[in-house]
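Notes for the structure review
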Amino acid sequence: MDDLDQLVSSLTPREENDEIKLYQNTVSVACPVCETPFDDLVVCKNEATSLEQIEPLDICVTVYEGSPLLFTHKH
C-alpha cells in the first residue's frame, strides 16, 4: 500500500479514540491485502492495541509507517 491518506479519503470516518481510528468502506474499495472489498478499516495508533471483536470477521493485516492496519471482512 502506497498512501494511507489516499485510501482513507475514499472511506467514511466512524470512530476515533486514543487507540484506533475506524473507517467504514461504503464504496467497496478493494482490500490492499486480498484485493476483495472490505467492510471496515481499523488504524491502530499504537504498536500494541487490544480490540474486542463483537462478531465473527475475517481480518487482513498490514503495517503502514509503523501503524498496524486491520481490514475487516464480514461473513
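Residues numbered from 1 in each chain as written. Predicted model: local features only at pLDDT ≥ 70, side-chain atom pairs only at ≥ 80, totals over all residues. Heavy atoms only, no water.

**Re the sheet that holds strand β3 (residues 40–44)**
Here is the rule we go by: In short, DSSP must find at least two bridges between two strands for them to pair. Under the DSSP-based scheme used, a helix requires at least four consecutive residues in state H or I and a strand at least two consecutive residues in state E, with every element numbered from the N terminus. The convention used is that axes are lines fitted to C-alpha atoms, helices contributing only their stretch in contact, and that angles between N-to-C directions extend from 0 to 180 degrees.
With antiparallel pairing, the five strands of this open sheet are ordered in space as β1-β2-β3-β5-β4. The sheet is open, and its two borders are formed by β1 (12–16) and β4 (57–64), each paired with just one other strand. Within this sheet the neighbouring strands show an average axis-to-axis angle of 20°, counted without direction. In the sheet, strand β2 (residues 20–24) pairs with β3 via five bridges, with the strands oriented antiparallel. Counted as the bridge partner of Q24 is D40 from β3.

**Quick notes on the confidence of the model for the protein chain**
Cut-off, in case you're wondering: In predicted models, pLDDT denotes the confidence assigned by the predictor to each residue on a 0 to 100 scale.
On average, residues of the protein chain score 90 in pLDDT, and 96% of them are at 70 or above. Here helix α1 (residues 4–8) stands out as the least confident element of the protein chain, with mean pLDDT 90; β1 is the most confident, with 96.

**Re the packing of aromatic side chains**
Which entries qualify depends on this criterion: Note on ring pairs: Phe, Tyr and Trp rings are taken, using the six-membered ring of Trp, and paired if centres are within 6.5 Å. Classes follow the plane angle, with under 30 degrees stacked, over 60 edge-to-face and the rest tilted. Note on exposure labels: buried denotes an accessible area under 20% of the residue type's maximum, exposed denotes more than 50%, and partly exposed covers the range between, all computed with a 1.4 Å probe on protein chains only.
Counted according to the given criterion, the structure contains one aromatic pair. Aromatic side chains F38 and F71 sit 5.0 Å apart centroid to centroid with 80° between the ring planes, which places their arrangement in the edge-to-face category. Taken together, the residues F38 in the loop between β2 and β3 and F71 in strand β5 (residues 67–74) connect sequence positions 33 residues apart. Taken as a pair, F38 and F71 share a single burial class, namely buried.

**Considering unusual backbone geometry**
The backbone of S28 sits at a positive phi, close to 60°, despite the residue not being glycine. As for its position among the elements, S28 is in the loop between β2 and β3. S28 sits in the exposed class, given a relative accessible area of 52%. Although it is not a glycine, E35 sits at a positive phi angle of roughly 70°.

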